[in-house]
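Chain by chain, the residues:
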2 protein chains.
Amino acid sequence: MKLKEEDIILLAKSFFNTNLNNLVKGIGDDTAVLKPLKTDYELFTSDMLIEDVHFILKKITPYNLGWKALAVNISDVASMGGIPTCATLSLGLNNKIDYFWLEMFYQGMKDCALEYSVDIVGGDTVYSPNSIVINISLLGGTDKPIYRNKIKNNYILATTGELGNSYAGLWVLQNIKNNFSEDELFCLEKHSKPKPRLKEGNFISSNIQNLSMIDSSDSLYTTVKILCEQSNLGIKIFEKMVPISEQTKAIANKANIKPIDFALYGGEDYELILALPKQEFDNIQDEYIRIFSSKLICIGEFIESSNEITLVTKNKSKKLKDKSFKHF
Amino acid sequence: MKLKEEDIILLAKSFFNTNLNNLVKGIGDDTAVLKPLKTDYELFTSDMLIEDVHFILKKITPYNLGWKALAVNISDVASMGGIPTCATLSLGLNNKIDYFWLEMFYQGMKDCALEYSVDIVGGDTVYSPNSIVINISLLGGTDKPIYRNKIKNNYILATTGELGNSYAGLWVLQNIKNNFSEDELFCLEKHSKPKPRLKEGNFISSNIQNLSMIDSSDSLYTTVKILCEQSNLGIKIFEKMVPISEQTKAIANKANIKPIDFALYGGEDYELILALPKQEFDNIQDEYIRIFSSKLICIGEFIESSNEITLVTKNKSKKLKDKSFKHF
């Protein structure tokens, strides 16, 4: 079924008619109109996803793609200690996309928006002759923004959850055609439908005084590299403390890649990565476990040696080099 | 010169280090951090530009492309009666783009940002294997948002300036290889470096009580069609009152197209299109001329007959049909 611009806008209006936050006028005028936030600070972020770079049309359901496109922005707001409010969606489409695909895409995005109380308030829909393009811009609010650059020597590095699952899922997408095992399905789901740690981010930022935070969207290695650079410190990562799921270990085994490399160099886990004093970490842990039924996991320690990223294994320490995927 | 992601971010930081508005932290963290606006309402808009759909790399300078990408969003804020504040820039790039191109692109965007007091506070830079993609999301503020749907019978239709110049410029781009005439250069400039009517929009919205406003980005025909639909009215457009430049008339003549068709069906003029009571139009005109050294131009009148768009010429009236360019 061929898409008409009017149909696309009508469809978007029918899906994105929520008003969970500060919306005065959504889709349908030159701009959206919002009531200003009541928080002390406003957050503003954008992410662009390009077909065959960030997703492959045949390898992700439109529902999950819609979910994920919004979720990755929510994760950025979560890592600032904020609450998301309103988003715009710009879409570059062509005749690879039909009405039903778009319905499922909008449904996935709407379900993510409802789950995290976000209103989709406007955007743009244009023709893109080659790649499908998705850009989300998201607003949020916080009274206490959490930055990346206030780390001191001896602060510990912690994560809200397992690392490597998403990359294991990507490996499955690229290497397994069908008849997925349970392990593979688990990692595929982690890759295709990430759940940003919004409540966790809010709890952590409210309860820790000396905190730096970032999300692990760009791999653990890249994430700690950024943290080290911004505070001119080095870090030791303790291999045995890095949480890696049994499922990811099984897939890494099949792929003949070390599980720790999935965790270090794979991105898109959308866990929060924290730097904080050990004392504050210890103080918050019990309450965190009580609320979230999972624990904050210490995986490393910041050290004086500038910008050195060291992996401490059972027998030795080795300096890590950048093996992350680069597009440019 | 091949682009590296770090270079792109460093270059963006070096260009977009302004703080003209409410910025607390710009490029370099998970999100930008802003102080909330002091206006009663916040505006939020996004536009996506795709190579070979909205621009052709060889036919626009990177400087003008950078300018225009931001300007089209500023025009949306202007037509809401608002003032723009902060923008994010998402870029999808590939090896067609080199460092010097990107410098000129950023320079054009920065000059537009300075001209209209906008801060570029963040965004995303990704690899796009086929088309270059540009998405700008812009925030703004106003105490009195101006919508499109409050038009009554007998209200007049007015514009802040000439229509058709941009489309004439596009025709030149598509049909003339070199040795541009003065007329052609005039229209090329109008097409490639539009100047949003921000001050005009603010003056008009502050001084007119019963006002609907929109920008003419999507052609005069499409614009009045939207206005008519939203208020369930029809409109008479008086051909001889539609302002068309001598330059556009000369190019239309060369193209063997009626000048009025350039004005009616060509888009991207970024003039403001107003609907308001005749009395209010008359009351504001002198002051408007004094401030802006140009006048508001009445070009039509809204009538009861639902959704009929009629062009009144010297000898007859004819109902107009949609000849606007459609991508889908």
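Residues numbered from 1 in each chain as written. Chains lettered and ligands numbered in written order. Predicted model: local features only at pLDDT ≥ 70, side-chain atom pairs only at ≥ 80, totals over all residues.

Colleague: In this structure, what is going on with the overall build of chain A? I would like to understand it.
Modeller: Broken down by element type, chain A carries 10 helices and 13 strands. Taking 2.2 N^0.38 as the reference for a compact globule, 328 residues should give roughly 20 Å; the C-alpha atoms of chain A span a radius of gyration of 20 Å, in line with that estimate. Once the C-alpha set of chain A is aligned to its principal axes, its extents read approximately 65 × 50 × 40 Å. Residues classed as buried in chain A amount to 52% of the 328 residues present. Counted over contacts in chain A with a minimum sequence separation of 6, partners at least 24 positions apart contribute 84%. (Helix = DSSP H or I, 4+ residues; strand = E, 2+ residues; numbered from the N terminus. Rg over C-alpha atoms; globule rule 2.2 N^0.38 Å. Buried ≥ 20, exposed ≤ 12 C-beta atoms within 10 Å, placed from the backbone. Contact = placed C-beta atoms within 7 Å.)

Colleague: I'm lost on the relation of the copies chain A and chain B in this one. Help?
Modeller: One chain copy maps onto the other through a rotation about an axis and a shift parallel to that axis. In the superposition of chain A on chain B (RMSD 0.0 Å, axial shift 0.0 Å), the rotation amounts to 180°. Read as a symmetry element, the transformation amounts to a two-fold axis. (Least-squares fit on C-alpha atoms with pLDDT ≥ 70 in both.)

Colleague: Quick question: what am I supposed to make of the sheet that holds strand 5 (residues 119–127) of chain A here?
Modeller: Strand pairing in a sheet is mediated by backbone hydrogen bonds. Such pairs are either parallel or antiparallel. Pairing is mixed in the open sheet, where six strands are placed in the order 5(A)-4(A)-6(A)-3(A)-2(B)-1(B). At either end of the open sheet lies a strand with only one pairing partner, and these are strand 5 of chain A together with strand 1 (23–25) of chain B. With direction set aside, neighbouring strand axes in the sheet form an average angle of 20°. Sheet topology places strand 4 (residues 83–93) of chain A next to strand 6 (residues 133–142) of chain A; eight bridges connect them, and they run antiparallel. Across the sheet, the residue bridging to Leu89(A) is Ile136(A), located in strand 6 of chain A. (Pairing = 2+ DSSP bridges. Axes fitted to C-alpha atoms, helices over the stretch in contact; angles between N-to-C directions.)

Colleague: For this particular structure, what's the right way to read the sheet that holds strand 11 (residues 297–303) of chain A?
Modeller: Residue and element names in this part refer to chain A. A sheet is described by the order of its strands in space; here seven strands give the open sequence 8-10-7-11-9-12-13, paired in mixed fashion. This sheet does not close on itself; its edge strands, each paired only once, are strand 8 (212–215) and strand 13 (317–319). Between one strand and the next, the sheet's axes are offset by a mean angle of 25°, whatever the strand orientation. By the bridge criterion, four bridges tie strand 9 (residues 234–238) to strand 12 (residues 309–312) in an arrangement that is parallel. Following the sheet pairing, lysine 236 is matched in strand 12 by threonine 310. Lying over the sheet, helix 6 (residues 198–207) contacts strand 8 and strand 10 (272–276), oriented at roughly 10° with respect to strand 10.

Colleague: Looking at this structure, I do not really get the confidence of the model for chain A. What am I missing?
Modeller: Do not read the fine detail of predicted coordinates wherever pLDDT is low. On average, residues of chain A score 94 in pLDDT, and 98% of them are at 70 or above. For this predicted complex, the interface confidence score (ipTM) comes to 0.94, while the overall pTM stands at 0.95. (pLDDT = per-residue confidence, 0-100.)

Colleague: Please clarify how unusual backbone geometry should be interpreted in this entry.
Modeller: Residue and element names in this part refer to chain B. Positive phi values are uncommon outside glycine, yet asparagine 154 reaches one of about 75°. Examined against the element boundaries, asparagine 154 turns out to sit in the loop between strand 6 (133–142) and strand 7 (156–159). Residue classification places asparagine 154 among the exposed positions, given that 12 C-beta atoms sit within 10 Å.

Colleague: Got a minute to help me understand the environment of Val77(A) in this structure?
Modeller: Structurally, Val77(A) can be placed in helix 2 (residues 62–78). Considered as a pair, Val77(A) and Ile176(A) are 99 residues apart in the sequence and their alpha carbons are 34 Å apart. Apart from residues lying up to four places away in sequence, Val77(A) is in contact with Leu43(A), Thr45(A), Gly82(A), Pro84(A), Leu138(A), Gly140(A) and Thr31(B).

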